[in-house]
Structure formats: structure tokens, C-alpha cells
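For reference, the chains in residue letters:
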Amino acid sequence: MNEQAQQYVEDFMARLIARNPGEPEFHQAVREVAESLAPHIVTSPILQKMKVLERIAEPERVIIFRVPWLNDKGEIEINRGYRIQMNSAIGPYKGGIRFHPSVNLSILKFLAFEQTFKNSLTTLPMGGGKGGSDFNPKGKSDNEVMKFCQSFMTELQRHIGQDTDVPAGDIGVGGREIGFMFGQYKRLRDEFTGTLTGKGRDWGGSPLRPEATGYGTCYFAQEMLATRNDSFKGKTVCISGSGNVAIYATEKAVQLGGRVVALSDSNGYIYDKDGVKLDVVKAIKLQRRARISEYVKEVPGAEYHEGCAGIWGIPCDIALPCATQNEIDGESAAKLAANGCRVVCEGANMPSTPEAIAVYEANGMLYGPAKAANAGGVATSGLEMSQNSLRLSWSFEEVDARLKDIMTNIFHNAYDASKACGAEGNLMVGANVAGFIKVAEAMLAQGVAY
Ligand code: NDP
């Protein structure tokens, strides 16, 4: 980056930080994009005059609300709900809902910001949004989760709609939570529409939506590997997390010929040198909602270790971080590189710190950034919206073929954009630039309301 571009980034970030103090994850996500875009912005009077990046970094609307609910003891509990409606230039706001005690404005703003570019990359007409609550579903009964979801939706329903804002799942929000929220939305609004995605197959959901993010991440990694005439075949793979994204990334990595030897949760990780038994993992995580440590009780010879960062010390060829933001720091990335890992492809959102990304670059590793690599989930949500509007349901195979096509196109668009900006193969720069262009052009075309 030349001096003028560097100065642009520093001035831009200084203003952003002053306007959004105490939001480190948001600052991190915006800085990464600003650094990729700065060389173009400084040579474009129109982007500067129309303050396009400045506007993209300011949410169109932020909704914060009280979520009171009754626990099983009959006591009142109070959580905080959020919806960030970040950008609607190319379609209705679209993005998941996260239920996790760590949820705050900074995390949701970073996710909504990333989502805007990710949704643009899918080429489907979806704007960017994200929402959630500091509610912790862990250890709660189904009844408590239902009461919380109903209270959450009682407020949220007035802000969303199939043509306005279409939420989906994320950490802590799977099929059960989407069902409870959809039921409440339908009750209050008296309409059966595609306002939420990730619904059950028999009531408006798309085939492949549960699998889509994990499968899509592997399809993206496959394209990256192909640039080196390589594939998943015979590769050792480490995958963090053991939730929705991790489970289906494991399934697809194995189908493509890889051997997944490790999975984790927020307490620790399992190592199974023979390859993890996915049926055992699914029974533990999807049916019993138990901890990944249970795996070693059922699979002799497998190991469990406390502490989730240790997973990156396991020698592997391919690492797929599929748990949470900033889970790979510079130190963990250095361990991956030293152990011969050649590919990092992100199923989670922003799982690599800037220091980790610098290590990947310094070691010539292939790096698939989240906003491109994990876009398969929202892309399939987009396909669910289309099916809902058409009142049709496509087959599993049809949706899978579309998902593969979308992931291949995202890869090539990001690759071509990286080449066009003189950074061939840098998919982070390519994805940021390719995702930005469509949103920026739509914002320029739509003008500014004075
Ligand atoms: P799930 O809730 O299904 O699973 C999350 C997994 O990550 C769990 O194993 C969880 O462990 C672990 N985890 C969560 N928080 C932490 C933490 N602070 N430290 C360590 N481990 C943690 O969520 P998803 O699989 O849906 O989401 C995983 C990632 O993928 C997130 O970054 C999400 O934003 C991203 N993503 C998800 C999409 C989707 O379609 N679901 C789409 C695109 C991106 P534990 O059970 O102990 O909390």
C-alpha cells in the first residue's frame, strides 16, 4: 500500500474508532476491508466524494431491546436483544441471529459489516444484517429456550419481514430456535412467509440448509487446492468447533477424501488419529446437546484435551476454523505453519487475527477468508427465500448443485479481483474488493437522501 492509501486508512479508522469506541471486533473487521480498498478509493474521486466506505461502515439502523422471559422456576430473567440492519443497497437485510453470553454491539456490528460483503459475493439480492442476544441456551430446558425465543420474537417481529429483513441461525441458533421464533412470528403476524431461513424441511425450509455452510467451506477449499493441482484426497484435516458448521464441514471433507482427526468445543478438543467417527459426534452434539469430551467415552483410543486452542498444535495439512472469531492468533498460526499446514479455510466468521493472517502470508499458505469461504450458508438461505417466494421446494441434489456453482463462482470472482488489483491469489483482498464493488455501485445509483 502506498503512503497516500496508508494515510487514508489511518484517517478513516481514527474517525471510525472515535464514533464507535470500545468495539474492537468491529474496528478489526473494518480495518481489514479498509486496507484492501484504500488503494482504489484514493484513486477514485467519486468514491471519496460520495463517502461510500464511510456510509457502509455506519449501520442503517440498530435496534436494541429488552427480552424478559420466565424460567422453569417461574422467575423472571432479562436478556438484551439486538438487530443490526447494516446495509440494504442490494436487497433486504439478511444475516443470522446469535445466542451466546459474549454477544454485544461490537461483535454484532462486525458480523453485520462482514455479512454485507459476503452477501454481495453470493451474487444473490441480499443486503447485510445480524442480530442476537446475550442469552445462553446452554443448560436451558427446551421450554426455557422456547419462552426466550418467543419473547425475543415478540419485539423483533415489528422490525423484520420477507422484503425487509430475513434472519437465520448462527452460534446457539439452530433448527430448534428457528422453529420457536418462526412459530411466534406466524402467530403474531398471521402470515406464513419466508421471513426466517433455516426452517424445517416440511414447513418451508430448503434442503441442504443445515449442511450448506460446512459443505460450502469445503467446496471453496477444494477450489483453492486446485490452484496447486491438489485436493482433499489423503489430507489430514483439523476442524475447530463441533456445531453446525464444523459437523457438516467434517462430513464433506471426508466425502472429498480427507481424514478429519480433531474437533473441539469451547472447553477442549478431541484427537482421533484414525479419523473422527461423525455418527458419534452427531449423536453427542445434535441429539444429546452434550460436550465433545463425551467422544472419548465411546471411541477407545481417542484423546480429549482441555483448552480449545491446543487443536492448532496438531499436525495437519488443512485447517478449517469453524468455531468463533479470533480463535487462531499469531502463535497458533505459527504452530500450524511449523507443522506443515498448507491451507486455512474459514468456516467461522473472522476466526483468524490479523497476526495469524500475516503468518499465513509469510509462509505461503493458502488462505480462504470467511466472507468468501463460508458464504454457502447465506447463499442457501437465499435459495430458501427463492423457494418460499415461488412456493416450491427443490431437491437436495438441485440445491447442492447450485451451492457448488455459487462457491466456485465466489472463488473465481475473488481470485480475478485479486489479480486485477495486482495481488494475484490474495483472496482476502479479492473478496473485499469484489464484495465492495456491487454494494458501492448500488449505493451510488440510489443516491443520498438529504
Ligand atoms: P454452533 O452454535 O452450532 O456451534 C458453535 C461451535 O463453536 C460450538 O462447538 C461451540 O462450542 C464453539 N464455540 C462457540 N463459541 C466459542 C468460543 N468463544 N470459544 C471456543 N469455541 C466456541 O454455531 P455454528 O456452527 O452455526 O457457527 C460457527 C461459526 O460459523 C460462527 O463463527 C458463525 O458465525 C459462523 N457461520 C455460521 C453459519 C451458519 O450457517 N450457521 C454461516 C456462516 C458462518 P460450545 O458448544 O462449547 O459453545
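Residues numbered from 1 in each chain as written. Predicted model: local features only at pLDDT ≥ 70, side-chain atom pairs only at ≥ 80, totals over all residues. Heavy atoms only, no water.

Q: Explain the pattern of salt bridges to me, using residue names and the numbers behind them.
A: Evaluation of the coordinates by the stated rule reveals 24 salt bridges. Beyond isolated ion pairs, a larger network of salt bridges with shared partners links Arg288, Glu294, Lys297 and Glu298. (Salt bridge = Lys/Arg side-chain N within 4 Å of Asp/Glu carboxyl O.)

Q: I'd like to hear about the side chain of Asp165, residue by residue, with values.
A: Along the chain, Asp165 turns up in strand 5 (residues 165–168). Only 2.8 Å separates the side chain of Asp165 from the side chain of Gln85, close enough to count as a polar contact. Once residues within four sequence positions are removed from consideration, Asp165 is found in contact with Arg83, Gln85, Pro92, Tyr93, Lys94, His159, Ile160 and Thr195. (Helix = DSSP H or I, 4+ residues; strand = E, 2+ residues; numbered from the N terminus. Polar contact = N/O pair within 3.5 Å; in protein donor to acceptor, adjacent residues only side chain to side chain. Contact = heavy atoms within 4.5 Å.)

Q: I'd like a rundown of the packing of aromatic side chains, residues and numbers included.
A: One pass over the structure, following the stated rule, counts 18 aromatic pairs. Their ring planes at 45 degrees and their centres at 5.3 Å tell us that Phe65 and Phe152 sit as a pair that is tilted. Of this pair, Phe65 sits in strand 1 (residues 61–70) while Phe152 is found in helix 6 (residues 142–156), placing the two residues 87 residues apart along the sequence. Phe152 carries the same exposure label as Phe65, and that label is buried. With a centroid separation of 5.9 Å and an interplanar angle of 90 degrees, the aromatic rings of Phe99 and Phe135 are classed as edge-to-face. Pair noted here: Phe99 is in strand 3 (residues 93–99) and Phe135 is in the loop between strand 4 (128–133) and helix 6, with a separation of 36 residues, a long-range link. Residue Phe99 shares its accessibility class with Phe135, and that shared class is buried. Here the aromatic cluster, defined as three or more aromatic residues joined through ring pairs, consists of Phe65, Trp69, Phe99, Phe135, Phe148 and Phe152. Its end group placed over the ring of Tyr215, Lys252 keeps NZ or CZ at 4.4 Å from the ring centre. A cation sits over an aromatic face here: Arg402 above Trp394, 3.9 Å from the ring centre. (Phe/Tyr/Trp six-rings, centres within 6.5 Å; stacked < 30°, edge-to-face > 60°. Buried < 20%, exposed > 50% of the residue type's maximum accessible area, 1.4 Å probe, protein only. Lys NZ or Arg CZ within 6 Å of the ring centre and 35° of its normal.)

Q: I'd love a proper account of the sheet that holds strand 2 (residues 76–87), names of residues and values included.
A: With mixed pairing, 5 strands are arranged side by side in an open sheet as 1-2-4-3-5. Two strands bound the open sheet, and with one partner strand each, they are strand 1 and strand 5. On average, each strand axis in the sheet is tilted by 20 degrees relative to the strand beside it, whichever way the strands run. Where strand 1 meets strand 2, 10 bridges bridge the pair, whose relative direction is antiparallel. Looking at the pairing, Arg61 lines up with Gln85 of strand 2. (Pairing = 2+ DSSP bridges. Axes fitted to C-alpha atoms, helices over the stretch in contact; angles between N-to-C directions.)

Q: I'd like to hear about the pairing of strand 10 (residues 318–321), residue by residue, with values.
A: Residues in a regular strand project their side chains so that they alternate between the two faces of the sheet. Going residue by residue along strand 10, you find Ile318 and Leu320 tucked away on one face and Ala319 and Pro321 tucked away on the opposite face as well. Of the strand pairs in this sheet, strand 6 (residues 236–240) and strand 10 are connected by 4 bridges, and their pairing is parallel. Of the residues in strand 10, the one forming a bridge with Cys238 is Ala319. Direction of pairing for strand 10 relative to strand 11 (residues 343–345): parallel, over a ladder of 2 bridges. Its bridge partner being in strand 11, Ile318 is matched across the sheet by Val343. In this region the chain leaves strand 10, passes through helix 12 (residues 330–338) and returns to the parallel neighbour strand 11; the handedness of that crossover is right-handed. (Right-handed = clockwise from strand over helix to strand, strands pointing away.)

Q: Pulling in residues and values, what's your account of the sheet that holds strand 7 (residues 259–264)?
A: Reading across the sheet, the 7 strands line up as 9-8-7-6-10-11-12 and stay open at both edges, with mixed pairing between neighbours. Of all the strands in the sheet, just strand 9 (303–306) and strand 12 (366–368) have a single pairing partner and so form its edges. Ignoring which end each strand starts from, the neighbouring axes of this sheet average 15 degrees apart. Relative to strand 11, helix 8 (residues 209–226) is tilted by about 145 degrees, and along the sheet it contacts strand 10, strand 11 and strand 12.

Q: Can you explain the nonpolar core? Please cite residues and give values.
A: Core analysis: the largest hydrophobic core is formed by 61 residues, its most contacted members being Phe220, Met224, Phe232, Ile239, Tyr295, Leu320 and Ile410. The residues contacting Ile410, other than those within four sequence positions of it, are Leu121, Thr122, Phe220, Ala372 and Ala375. The next biggest cluster of nonpolar side chains, apart from the first, holds 42 residues, and it includes Ala38, Met50, Phe113 and Val429. (Core = buried A, V, L, I, M, F, W, Y, C linked by side-chain atoms within 4.5 Å.)

Q: Which residues make up the site of the ligand, and what are the values?
A: Around the ligand, the surrounding shell holds 25 residues, and the nearest of these are Lys138, Asp170, Thr213, Ser266 and Arg291. Note that an oxygen atom of the ligand is positioned 2.9 Å from one of the backbone N or O atoms of Asn244. Between an oxygen atom of the ligand and a main-chain N or O atom of Val245, the distance comes to 2.9 Å. Relative to its free-state accessible area of 890 Å², the ligand is covered by the protein chains to the extent of 85%. For the shell around the ligand, the elements supplying multiple residues, two or more each, are helix 8 and helix 9 (244–255). (Near = heavy atom within 4 Å. Areas by Shrake-Rupley, 256 points an atom, 1.4 Å probe, with all protein chains shown as cover.)

Q: How would you sum up the environment of Val433? Please name residues and give values.
A: Mapped onto the elements of the fold, Val433 is located in helix 17 (residues 427–446). The spacing of Val433 and Leu121 is 312 residues in sequence and 9.8 Å in space, taken between C-alpha atoms. If we ignore the near neighbours within four places in the chain, the residues touching Val433 are Ser36, Leu37, His40 and Cys421.

Q: Give me the lowdown on the side chain of Ser206, citing residues and values where you can.
A: Take Ser206: it is sitting in the loop between helix 7 (175–189) and helix 8. Ser206 sits in the buried class, given a relative accessible area of 2%. A distance of 3.0 Å separates the side chain of Ser206 from the side chain of Gln387, its partner in a polar contact.

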